[in-house]
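Topology and contacts: notes
What follows is each chain in one-letter form.
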Amino acid sequence: MTARPLQPAFSGRALFLRTVPAWVGVSLVTLVLGAWALASGAPSLANAWAGLALGSSLLVGLGSALSAAESTRFRLAAVTMIGALGGAGIIAAAYAL
């Protein structure tokens, strides 16, 4: 019988993966708020919301890379692409105004 190494009860990776669903919500909500601000004619506010969407999407992408389940990786990668491309699109549209 071989001994297994002890794992810490609260590793940094596990704690970060617990916050990923919240970052998914932040990413999607800020993306919607950025689109709303752009439609209402406030490009600087749209840039702020889209910047938050981009930042939280990158955290979701990091969660996708650290996740162990393949189906979870795919869903998190899809949210990352939606948030990143949507945020970049809102910023580009705000500068075009």
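Preceding this paragraph is the structure being described.
Residues numbered from 1 in each chain as written. Predicted model: local features only at pLDDT ≥ 70, side-chain atom pairs only at ≥ 80, totals over all residues. Heavy atoms only, no water.

Re the overall build of the protein chain
- Per the secondary structure count, the protein chain includes three helices and zero strands.
- Residues counted as buried form 25% of the 97 residues belonging to the protein chain.
- Contacts spanning at least 24 positions in sequence make up 70% of the contacts within the protein chain whose residues lie at least 6 apart.
- In the structure as shown, the protein chain presents an accessible area of about 6300 Å², 73% of it carried by carbon and sulfur atoms. (Helix = DSSP H or I, 4+ residues; strand = E, 2+ residues; numbered from the N terminus. Buried < 20%, exposed > 50% of the residue type's maximum accessible area, 1.4 Å probe, protein only. Contact = heavy atoms within 4.5 Å. Areas by Shrake-Rupley, 256 points an atom, 1.4 Å probe, with all protein chains shown as cover.)

Regarding the pattern of salt bridges
- One pass over the structure, following the stated rule, counts one salt bridge.
- A salt bridge links glutamate 70 to arginine 73, with the nearest nitrogen and oxygen atoms 3.9 Å apart. Residue glutamate 70 and its partner arginine 73 are both found in helix 3 (residues 70-96); the two are separated by three residues, about one turn of the helix. (Salt bridge = Lys/Arg side-chain N within 4 Å of Asp/Glu carboxyl O.)

Concerning the packing of helix 2 (residues 43-66) against helix 3
- Contact geometry for helix 2 and helix 3: axes closest at 8 Å, N-to-C directions at 160°. Comparing their axes, helix 3 and helix 2 come out roughly antiparallel. Crossing handedness for the pair helix 2 and helix 3: left-handed. (Axes fitted to C-alpha atoms, helices over the stretch in contact; angles between N-to-C directions. Parallel < 35°, antiparallel > 145°, perpendicular 65-115°, else oblique. Left-handed = near helix turned anticlockwise from the far one by under 90°.)

Let's talk about the packing of helix 1 (residues 12-39) against helix 2
- Taken N-terminus to C-terminus, the directions of helix 1 and helix 2 make an angle of 150°; their axes are 7 Å apart at the nearest point. One element, helix 1, and the other, helix 2, form an angle in the roughly antiparallel class. Taken as a pair, helix 1 and helix 2 cross one another with a handedness that is left-handed.
- Partitioning the contact of helix 1 with helix 2 into residue classes produces 19 nonpolar, six polar and one charged. (Nonpolar A, V, L, I, M, F, W, Y, C, P; charged D, E, K, R; others polar.)

Nothing here speaks to function; it is all geometry.
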